[in-house]
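# Overview (structure and organization)
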Amino acid sequence: ALNPKIEMDFYARKYLAYSSMYGGGNEKEAMAALQKVLSDGKYSNYYEQVYYMLGRLAENRNNTADAVAYLEKGIHAGRTTKKQKSISFATLGNVYYNSGDYVAAKHAYDSSAKIASFAGNDSSVAVAVVRSRALGDVAGPATTIHDQDSLLALAKLSDKEQRAAARRYIKQLEKQRADSIYRAENAGIASVTAAEPVGGAAPGGVWYCSTATPMQTGSPEFTR
């Protein structure tokens, strides 16, 4: 049968990628097979794992920028589980750690540690928890040095340049605030829209099969 079920197809791609990563196979082919999945909506339940694997493959090729980008996308994917998020944060921390960015690594490890209980006995998360504590001794002074250097740089500017820098910073804060409000408002609208009944369901009620997420997660559970 040349048309395997989605679950079998995805895990075949995933473990071929693992084989390429650890066994010296063709990583470009493995990445291409995973990237192909991202353009097919029926694999949306696996996007978090796809981005994670792409991040691992990029890290294995010493491509830090791509590794960070893929892992960030996986962390913020729509259906990311807390287990996968903890593992992805731990891996992101490793990428930063190996590149010498200990402040960013500390933040990633902290995020992984907060939800470590959902990842069971995953070894990468266990490392993240330990490093999260240890990097406090490094990240703290590094942050202080960065802040002091920034203040010294500002002190060397003219009054006009200092005011311009302050205005740029205020605009940045205003944009961040506006973006956060926009995301919050649209998240609310999206949740209301998703809850709208279809197929003749009673007003105000939500039929289980009218929303995609419970259908997709419930179907394999029912089959098992």
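Residues numbered from 1 in each chain as written. Predicted model: local features only at pLDDT ≥ 70, side-chain atom pairs only at ≥ 80, totals over all residues. Heavy atoms only, no water.

Let us look at the overall build of the chain. Looking only at helices and strands, the chain has 10 helices and zero strands in total. N-terminal to C-terminal, the α/β element order of the chain is α-α-α-α-α-α-α-α-α-α. Expressed as a percentage of its 224 residues, the buried residues of the chain come to 29%. Expressed as a percentage of contacts within the chain between residues at least 6 apart in sequence, the contacts between residues at least 24 apart total 52%. Approximately 14,600 Å² of the chain is accessible, and the part contributed by carbon and sulfur atoms is 57%. (Helix = DSSP H or I, 4+ residues; strand = E, 2+ residues; numbered from the N terminus. Buried < 20%, exposed > 50% of the residue type's maximum accessible area, 1.4 Å probe, protein only. Contact = heavy atoms within 4.5 Å. Areas by Shrake-Rupley, 256 points an atom, 1.4 Å probe, with all protein chains shown as cover.)

Before going further, it helps to examine the pattern of salt bridges. Scanning all chains against the criterion turns up five salt bridges. Residue Asp 40 is joined to Lys 42 by a salt bridge in which the shortest nitrogen-to-oxygen separation is 2.5 Å. The partly exposed category is assigned to Asp 40, whose relative accessible area is 24%. We classify Lys 42 as partly exposed; its relative accessible area is 45%. For Arg 163, the salt bridge is made with Asp 159, and the minimal N-O distance between the two is 3.1 Å. Note that Arg 163 and Asp 159 are positioned in helix α9 (residues 159-194) at a spacing of four residues, about one turn of the helix. Judged by relative accessible area, Asp 159 falls into the partly exposed class, the value being 48%. (Salt bridge = Lys/Arg side-chain N within 4 Å of Asp/Glu carboxyl O.)

The next thing to look at is the nonpolar core. In terms of nonpolar packing, the biggest core is built from 38 residues, with Leu 34, Met 53, Leu 57 and Leu 92 touching the most fellow members. Contributions of two or more residues to this core are made by α1 (6-23), α2 (27-37), α3 (47-60), α4 (64-75), α5 (82-98), α6 (102-114) and α7 (123-134). When residues of this core are assigned to their parent elements, the largest contribution, eight residues, is made by α3. (Core = buried A, V, L, I, M, F, W, Y, C linked by side-chain atoms within 4.5 Å.)

On to α6. Between the first and last C-alpha of α6 there are 18 Å, a value that for 13 residues agrees with the 18 Å anticipated at 1.5 Å per step. Here α6 has its buried residues at Ala 104, Ala 105, Lys 106, Ala 108, Tyr 109 and Ser 112. (Expected span 1.5 Å × (residues − 1).)

Once that is clear, we can look at the packing of aromatic side chains. Per the counting criterion, the structure on display carries seven aromatic pairs. Residues Phe 10 and Tyr 11 carry aromatic rings whose centres are separated by 5.1 Å and whose planes lie at 70 degrees to one another, so their mutual orientation is edge-to-face. We classify Phe 10 as buried; its relative accessible area is 0%. For Tyr 11, a relative accessible area of 28% puts it in the partly exposed group. Their ring planes at 80 degrees and their centres at 6.0 Å tell us that Tyr 11 and Tyr 46 sit as a pair that is edge-to-face. Here Tyr 11, found in helix α1, pairs with Tyr 46, found in the loop between α2 and α3; they are 35 residues apart in sequence, far enough to count as distant. The rings of Phe 10, Tyr 11, Tyr 15, Tyr 18 and Tyr 46 are connected pair by pair, giving a single aromatic cluster. (Phe/Tyr/Trp six-rings, centres within 6.5 Å; stacked < 30°, edge-to-face > 60°.)

Moving on to the confidence of the model for the chain. Residues at a pLDDT of 70 or more form 84% of the chain, whose mean pLDDT is 81. Predicted confidence in the chain is weakest over helix α10 (residues 212-223), with a mean pLDDT of 71, and strongest over α5, with 93. Confidence drops under pLDDT 50 across residues 194-205; counting only partners more than four residues distant or on other chains, this segment forms nine contacts. (pLDDT = per-residue confidence, 0-100.)

Here the focus is the side chain of Ser 112. Within the secondary structure, Ser 112 sits in helix α6. Reaching out from Ser 112, the side chain makes a polar contact with the backbone oxygen of Ser 86 at a distance of 2.8 Å. When neighbours within four sequence positions are excluded, Ser 112 is seen to be in contact with Ser 86, Phe 89, Ala 90, Val 125 and Ala 128. (Polar contact = N/O pair within 3.5 Å; in protein donor to acceptor, adjacent residues only side chain to side chain.)

Our focus in this paragraph is the environment of Ser 124. Tracing the backbone shows Ser 124 in helix α7. Separated by 33 residues in the primary sequence, Ser 124 and Thr 91 have C-alpha atoms spaced 7.0 Å apart. If sequence neighbours within four positions are ignored, Ser 124 has contacts with Ile 87 and Ala 90. Side-chain polar atoms of Ser 124 contact the side chain of Asp 122, separated by 2.3 Å.

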